[in-house]
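# Residue-level structure breakdown
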Amino acid sequence: MAERAERPPVARVSGEVSTTARAPQAPAVVTTPLPPQAWFQRNEQLLIGFVTVVAFVVVWQLVANARIWSKLFLPGPSDIVAAFGELVAEGELAQDLAVSGQEFVIGYTLAALIGIVLGLVLGWYRRARYALDPFITFFYATPRIVLLPLIIIWVGIGIESKIWIVFLGAFFAVLINTMAGVRSLDPSLLTLARSFGASQLEVFRTIALPGSVPFILTGLRLATGHALIGIVVGEIVGAPHGIGRMMWIAGQTFQSSRMFVGLFFLAITGVILTYALQKLERHFDAWRPQR
Amino acid sequence: MKLQARDVVIHHRRQRLGDMLLAVDGATLDIAEGEFVAIVGPSGCGKTTFLNAVDGLLPLTSGSLSLDGRLIDRPGHDRALVFQQPSLLPWRTVLGNVLYGLEILGTPRAEARQRAQRFVDLVGLSGFEESYPLELSGGMQQRCNLARALAVDPEVLLLDEPFAALDAQTRETMQHELLRIWNETRKTAIFITHDIVEAVYLADRVIVFTARPGRVKEVLRVDIPRPRDLRVKWEPHFVEIQSRIWESIREEAARDPLAAIA
């Protein structure tokens, strides 16, 4: 740690509290502010990641330029950018994105909300869990994708069928993790709350909820992956619009560059969400010693 | 009498084994207002079970426990338990943890903060208000645990081997600190321990429990004047009381091969 080596000139002495009750022999707490970190130290993680990604893209472009393999087999980054331009010019990309985006946002949000609430309730109330456990186990053990033909029969090939499949994919990841979070609470903390005379609701609010936040966030993170799979597979099986459909058609017509465009949109969505959830996790995990 | 225990019988529910273990069998005990009582006994003798019942966490099979003449049947704000494990909420800071009981009590925010700060200072954690428990040493965590119990201003302070997990030096410091803090508040206190020296150093009376099922075997008055310096532990009279308790516990431990000495 280079930043610890140099000692700043001023030491601040605090803790001179004016109360007779103060521990007489406790020494005052001496704190010395750490020197401010340089910009590249604070953003080290981002910076290193950025460099490796740029290096990868450059190498990819060079390999593609060598044309060892055809453009159909391995399009380079420049081909993908060109395909993106074509897609924009054709005018359908915006609609595809809007449809897929809608499917994702509605399906995922519903899954998150219902999954967290139901997970908390089922984790907390034993009998409610006994009642619903058979259904949860049944659906969790089934690959939900196979329900797609049924869902299409029930709600058609429009946006609704994709919302359902996204929901079913994401919901169980959130539900099961939230339940696990509530059930793995430290029993000594529950005893503590009881000892202070906390009501059921207070125990729930002060112990169960904050205690399961890390599990909930893990569930949400896993759910993004399931939701994106739902979109693509749902649209491949049948959809008038959407990124998954666009990619499927591109694949059927040997337009590899276009498939990569779709792939990047899906991946970027996943990356942004993962990153946002990580930020949130760090916010709630401030108490965990930094590794 | 502040606290009265009459023929207290407690069974411990063992769900997995499908039985009820007789943990405390007829404990009778009186504790006066402002008195510091230590309970010692062979391990597994039901000391902690008894203390949890006083806190209202466990139901009695028979007998009665009463505080100021009122029967104890549930946890209440007139008692506060200092746990063997610090049991701090890891996501709350030191100040937030000390505030916990006051929040449950419904103390107005500003007043609660002031009170919490006072007890943080009292236990010597000034300057660590914004630290999280995992950033503290074991001794500091126990100070926080103690401050949290004191902050709700209980009438009886229940301490369940609070220093058992600390290293020998920290334990001595904490014993001394506890006496200093107790001296300022003069709360009625019940202190469970398996450390005889600790019991004699802290208490006005030491109560020896029998091997399981626990019962009051013997009560010894510690007539060593306060304030007590840590050096008192080396004085002949202190050692004499200590060895009497030791013999008493050893008899019990010999009766129960499962319970090790002290």
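What counts and how
- In this convention, every chain numbers its residues from 1, walking through the sequence in written order.
- Whichever chain is written first is A, and whichever ligand is written first is 1; the rest continue in order.
- Since the coordinates come from a predicted model, pLDDT governs what is reported: local features require at least 70, and pairs of side-chain atoms require 80 or more to be given and counted, while whole-chain, interface and lining totals use all residues.
- Only runs of H or I of at least four residues qualify as helices and only runs of E of at least two qualify as strands under DSSP, and these elements are numbered from the N terminus.
- Any residue with 12 or fewer other C-beta atoms within 10 Å of its own C-beta is exposed, any with 20 or more is buried, and the rest are partly exposed; the C-beta atoms used are placed from the backbone.
- As defined in this context, the radius of gyration uses C-alpha atoms, and a globule is described by 2.2 Å times the residue total to the power 0.38.
- Remark: residues whose backbone-derived C-beta atoms lie within 7 Å of one another are considered to be in contact.
- Between the N-to-C directions of two axes lies an angle of 0 to 180 degrees, each axis being a line fitted to C-alpha atoms and, for a helix, fitted only over the stretch in contact.
- Working rule for angles: under 35 degrees goes down as roughly parallel, over 145 as roughly antiparallel, 65 to 115 as roughly perpendicular, anything else as oblique.
- Crossings are assigned a handedness: left-handed for a near helix turned anticlockwise from the far helix by less than a right angle, right-handed for a clockwise turn.
- The term nonpolar core refers to a group of buried residues, namely Ala, Val, Leu, Ile, Met, Phe, Trp, Tyr and Cys, whose C-beta atoms join them within 7 Å.
- A pair of strands is treated as paired once DSSP finds two or more bridges between them.
- The directions considered for the arc are those from the helix axis to the C-beta atoms.
- For every residue, the predictor assigns a confidence score, pLDDT, that lies between 0 and 100.
- What a helix is expected to span follows from its residue count: subtract one and scale by 1.5 Å.
- Only Asp, Glu, Lys and Arg are considered charged, only Ala, Val, Leu, Ile, Met, Phe, Trp, Tyr, Cys and Pro nonpolar, and every remaining residue, Gly among them, polar.

Summing up its helical and strand segments, chain A has 12 helices and 2 strands in all. Listing each helix as α and each strand as β along chain A from the N terminus yields α-β-β-α-α-α-α-α-α-α-α-α-α-α. Every one of the 291 residues in chain A was classed for burial, and the buried ones make up 30%.

With that out of the way, let us pick up the overall build of chain B. Along its length, chain B carries 7 helices and 10 strands. A compact globule built from 262 residues should have a C-alpha radius of gyration of about 18 Å, and chain B, at 18 Å, falls within 12% of that. Taken over the C-alpha atoms alone, chain B extends approximately 50 × 45 × 35 Å along its principal axes. Looking at the 262 residues of chain B, the share that counts as buried comes to 45%. Considering only intrachain contacts with a sequence separation of at least 6, the fraction spanning at least 24 residues in chain B is 70%.

Residue and element names in this part refer to chain A. One can find Lys162 in helix α8 (residues 159–183). For the pair formed by Lys162 and Val99, sequence separation is 63 residues and the distance between their alpha carbons is 9.8 Å. With sequence-adjacent residues up to four places away left out, Lys162 is seen in contact with Glu103, Gly230, Ile231, Gly234, Glu235 and Ala239.

Residues and elements named next belong to chain A. Where α8 contacts helix α10 (residues 200–237), the two axes come as close as 7 Å, and the packing angle between them is 155°. One element, α8, and the other, α10, form an angle in the roughly antiparallel class. In this structure, α8 crosses over α10, and the sense of that crossing is right-handed.

Okay, the nonpolar core next. Counting residues in each nonpolar core, the largest one holds 118 residues, and the members touching the most others are Ala170(A), Val174(A), Ala147(B), Leu158(B), Ile190(B), Ala203(B) and Val206(B). Element by element, the count of residues in this core is highest for α8(A), at 16 residues. For Val206(B), the residues in contact, after removing those within four places along its chain, are Ala38(B), Val40(B), Ala199(B), Val200(B), Leu220(B), Val222(B) and Ile245(B). By size, the runner-up hydrophobic cluster in this structure holds 5 residues, among which are Ile80(A), Ala83(A), Leu87(A) and Val261(A).

What follows concerns the sheet that holds strand β3 (residues 36–40) of chain B. Residues and elements named next belong to chain B. With mixed pairing, the 6 strands of this open sheet are ordered in space as β6-β7-β8-β3-β9-β10. Looking at the sheet topology across the chains shown, the edges are occupied by β6 (79–82) and β10 (216–221). Across this sheet, the average inter-strand angle for adjacent strands is 20°, counted without regard to direction. Pairing analysis gives 5 bridges linking strand β7 (residues 156–160) to strand β8 (residues 188–192), with the strands arranged parallel. Bridge assignment links Val156 to a residue of β8, and that residue is Thr188. In this fold helix α4 (residues 138–151) packs onto β6 and β7, with an angle of close to 175° to the strand it touches most, β6.

On to helix α7 (residues 148–155) of chain A. Residues and elements named next belong to chain A. Within the span of α7, buried status applies to Leu148, Ile151 and Ile152. Considered in projection along α7, the buried side chains sweep an arc of 100° and stay on one side of the axis. With respect to the buried face of α7, the exposed residues turned more than 90 degrees away are Pro149, Leu150, Ile153 and Trp154. Along its buried surface, α7 packs onto α8 and α10.

So, on to the confidence of the model for chain A. Overall, the predicted model of chain A reaches an average pLDDT of 87, with 90% of residues at or above 70. Per-residue pLDDT stays below 50 along residues 1–22 of chain A; that stretch engages in 32 contacts with residues further than four places along the chain or on separate chains.

All names here are of chain B. Look at the link from Arg212 to Pro213: it is a cis peptide, with omega at 0°. In this fold, Pro213 is placed in the loop between β9 (205–209) and β10. That bond from Arg226 to Pro227 is cis: its omega, -5°, falls within 30 degrees of zero. Topologically, Pro227 is positioned in the loop between β10 and α7 (236–255). Positive phi outside glycine occurs at Asp68, with the angle close to 55°. Among the secondary structure elements, Asp68 is positioned in the loop between β4 (62–67) and β5 (70–71). The residue Asp153 is not glycine, and still its phi comes out positive at about 55°.

With that settled, consider α4(B). Residue and element names in this part refer to chain B. Its 14 residues give α4 an end-to-end C-alpha distance of 20 Å, which sits within 8% of 20 Å, the value for a rise of 1.5 Å per residue. A large share of α4 lies buried, amounting to 12 of its 14 residues. The complete set of buried residues in α4 reads Gly139, Gln141, Gln142, Arg143, Cys144, Asn145, Leu146, Ala147, Arg148, Ala149, Leu150 and Ala151. On the buried face of α4, the contacting elements are β6, α2 (94–105), α3 (109–122), β7 and α5 (168–185). Phi turns positive one or two residues past the end of α4, at Asp153, with a value near 55°.

Turning our eyes to something else, we now look at the interface of chain B and chain A. How large an interface is tends to be reported as the accessible area lost when its parts come together. Counting from both sides, the interface comprises 25 residues of chain B and, opposite them, 23 residues of chain A. Elements represented by at least two residues in the side of chain B that touches chain A include exactly α2 and α3 of chain B. Its residues placed into classes, the side of chain B that touches chain A shows 12 nonpolar, 8 polar and 5 charged.

With that settled, consider the environment of Leu168(A). All names here are of chain A. By the secondary structure assignment, Leu168 is in helix α8. For Leu168, a count of 21 C-beta atoms within 10 Å corresponds to the buried category. Once the C-alpha coordinates of Leu168 and Ala223 are considered, the two residues, 55 residues apart in sequence, prove to be 9.8 Å apart.

This brings us to the pairing of β7(B). Residue and element names in this part refer to chain B. When you tally the buried positions in β7, you get 5 out of 5 residues, the bulk of the element. Where burial is concerned, the two faces of β7 agree: the one with Val156, Leu158 and Asp160 and the one with Leu157 and Leu159 are both buried. Strand direction decides the pairing type here: β6 and β7, joined by 4 bridges, are parallel. Bridge pairing links Val82 to Leu159 in β7.

Let us now look at the sheet that holds β5(B). Residues and elements named next belong to chain B. Here 4 strands make up an open sheet; going across it, the order is β2-β1-β4-β5 and the pairing antiparallel. The sheet is open, and its two edges are formed by β2 (19–31) and β5, each paired on a single side. Pairing geometry for strand β1 (residues 3–14) and β2, over 10 bridges, is antiparallel. Along β2, the bridge assignment pairs Val9 with Asp25. Relative to the sheet, helix α1 (residues 47–55) contacts β1, β2 and β4, its axis offset from that of β1 by approximately 115°.

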